[in-house]
Amino acid sequence: MGKDVIIACDFSSKKAVMEFLDLFTEEKPFVKIGMELYYSEGPEIVKEIKKRGHKIFLDLKLHDIPITVKKSMAVLSRLDVDMCNLHAAGTVAMMEAAIEGLTREDGTRPLLIAVTQLTSTSQERMEKELLIPVPIDEVVMHYAHNSKLAGLDGVVCSPLEAGLVHEICGDDFITVTPGVRFADGNVGDQVRVMTPEQAKEVGSDYIVVGRPITAADDPVAAYKRFISEFIG
Ligand code: C5P
């Protein structure tokens, strides 16, 4: 399974993202496109970035009734993205439908990754608003287990959870982990962070890095440093 650094391209326009990608003359980084860019520029932005030779994680976090998710995933699959995601809270049936929709006629499909509980959801809100009265870590692991049962490839999680996810769901189950910072870097608004080396040690498969690369004085050098500390 390919370990890689995925750059979170959290830009609001095509112009900004293309200017950023133009900086990379040799490397073709794996990039994450989120809702903001996708909703402002539409599917064309995916096609254009793909045409430039980048792998794409389309981070749209689908969550709807199974048939709707199935049909929508079929559309994303035709866009030829490499990885996409959904909310495990949509149930095992929804996740199974998603895989059916994603699978192309030739049997290939993009990797499918689940979001468990968002890191913005606190224990208190989960109990009071969502009426889930168990420790949030247990919910995360239970949702990861459900995702595995449904046939998904992995989950988005904190690097702090990657080890346990692998223990419960197996080494082949992919962990995609944001919240990674250089030891000498600015943490920003991320609370629980790990360095690339630590993420590697705990078994993260893909790290998702945004501002430490996109806002760096030299984004290409920052990207290369993440690659060498995480993979090299
Ligand atoms: O700029 P930064 O490295 O913090 O960006 C991390 C990326 O990972 C952002 O696109 C953010 O939305 C995403 N993410 C996260 N924490 C999660 C899930 C996704 O930071 N729990």
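Residues numbered from 1 in each chain as written. Predicted model: local features only at pLDDT ≥ 70, side-chain atom pairs only at ≥ 80, totals over all residues. Heavy atoms only, no water.

Caption draft 1: Fine view of the overall build of the chain. When you go through the chain residue by residue, the secondary structure sums to 11 helices and eight strands. Expected size for 232 residues packed as a compact globule is a radius of gyration near 17 Å; at 17 Å, the chain falls within 12% of this value. Across its three principal directions, the C-alpha atoms of the chain cover 45 × 40 × 30 Å. Burial statistics for the chain: of 232 residues in total, 49% are counted as buried. Sequence separation of at least 24 residues holds for 66% of the intrachain contacts in the chain that already meet a minimum separation of 6. (Helix = DSSP H or I, 4+ residues; strand = E, 2+ residues; numbered from the N terminus. Rg over C-alpha atoms; globule rule 2.2 N^0.38 Å. Buried < 20%, exposed > 50% of the residue type's maximum accessible area, 1.4 Å probe, protein only. Contact = heavy atoms within 4.5 Å.)

Caption draft 2: Expanded view of the packing of aromatic side chains. Going through the model one piece at a time under the given rule, you end up with six aromatic pairs. With centroids separated by 5.3 Å and ring planes inclined at 40°, the aromatic side chains of F11 and F20 adopt a geometry described as tilted. In terms of burial, F11 and F20 fall into one category: buried. The interplanar angle of 65° and the centroid separation of 6.3 Å between the aromatic rings of Y38 and Y39 together place this pair among those described as edge-to-face. On the basis of relative accessibility, which here comes to 13%, the residue Y38 falls in the buried class. Connected via pairs of aromatic rings, a cluster forms that spans F11, F20, F24 and Y223. Directly above the ring of F182 sits R225, whose terminal nitrogen or CZ lies 3.8 Å from the centroid. (Phe/Tyr/Trp six-rings, centres within 6.5 Å; stacked < 30°, edge-to-face > 60°. Lys NZ or Arg CZ within 6 Å of the ring centre and 35° of its normal.)

Caption draft 3: Seen up close, the nonpolar core. Counting residues in hydrophobic clusters, the biggest one holds 62 residues, and the most contacted among them are V17, V46, I49, M73, L86, L112 and I213. Counting residues per element, this core draws most heavily on helix α7 (residues 136-149), which supplies six residues. Sequence-distant contacts of L112, defined by excluding residues within four places in its chain, comprise M73, C84, N85, L86, M95, A98, I99, L102, L152, D153 and G154. Of all hydrophobic cores here, the second largest spans 12 residues; its members include I6, F30, F57 and V115. (Core = buried A, V, L, I, M, F, W, Y, C linked by side-chain atoms within 4.5 Å.)

Caption draft 4: Quick peek at the pairing of strand β3 (residues 56-62). Taken across its seven residues, β3 has six buried, putting it largely inside the fold. Bridge count between strand β2 (residues 30-34) and β3: four bridges; the pairing is parallel. Bridged to V31 within β3 is I56. Handedness of the β-α-β unit built from β3, helix α4 (residues 66-78) and strand β4 (residues 83-87) comes out right-handed. (Pairing = 2+ DSSP bridges. Right-handed = clockwise from strand over helix to strand, strands pointing away.)

Caption draft 5: Geometry of the state of the cysteines. Applying the stated criterion to the full structure yields zero disulfides. Its sulfur unpaired, C9 is 17 Å from the next cysteine sulfur, which belongs to C84. Overall, the relative accessible area of 1% leaves C84 in the buried class. (Disulfide = S-S within 2.5 Å.)

Caption draft 6: Just the environment of Q123, in detail. With respect to the helices, strands and loops of the structure, Q123 is situated in helix α6 (residues 123-128). For the pair formed by Q123 and E96, sequence separation is 27 residues and the distance between their alpha carbons is 28 Å. The residues contacting Q123, other than those within four sequence positions of it, are V134, P135 and I136.

Caption draft 7: Representation of the packing of helix α1 (residues 14-22) against helix α3 (residues 43-51) within the structure. Contact geometry of α1 with α3 gives a least axis separation of 12 Å together with a crossing angle of 10°. Relative to α3, the element α1 is oriented roughly parallel. Contacts between α1 and α3 involve K14, V17, M18 and L21 from the first element and I45, E48 and I49 from the second. Taken together, the residues of the contact of α1 with α3 sort by class into five nonpolar, no polar and two charged. (Axes fitted to C-alpha atoms, helices over the stretch in contact; angles between N-to-C directions. Parallel < 35°, antiparallel > 145°, perpendicular 65-115°, else oblique. Nonpolar A, V, L, I, M, F, W, Y, C, P; charged D, E, K, R; others polar.)

Caption draft 8: Spotlight on helix α5 (residues 92-102). Among all positions in α5, only M94, M95, A97, A98, I99, G101 and L102 are buried. Buried residues in α5 make contact with β3, α4, β4, β5 (111-115) and α7.

Caption draft 9: Main features of α3. Burial in α3 covers these residues: I45, V46 and I49. What you see down the axis of α3 is that its buried residues fit within an arc of 100°, all on one side. Trailing α3 by a residue or two, G53 shows a phi angle of about 100°, which is positive. (Arc of directions from axis to C-beta.)

Such coordinate-based values are descriptive only and should not be taken to indicate function.
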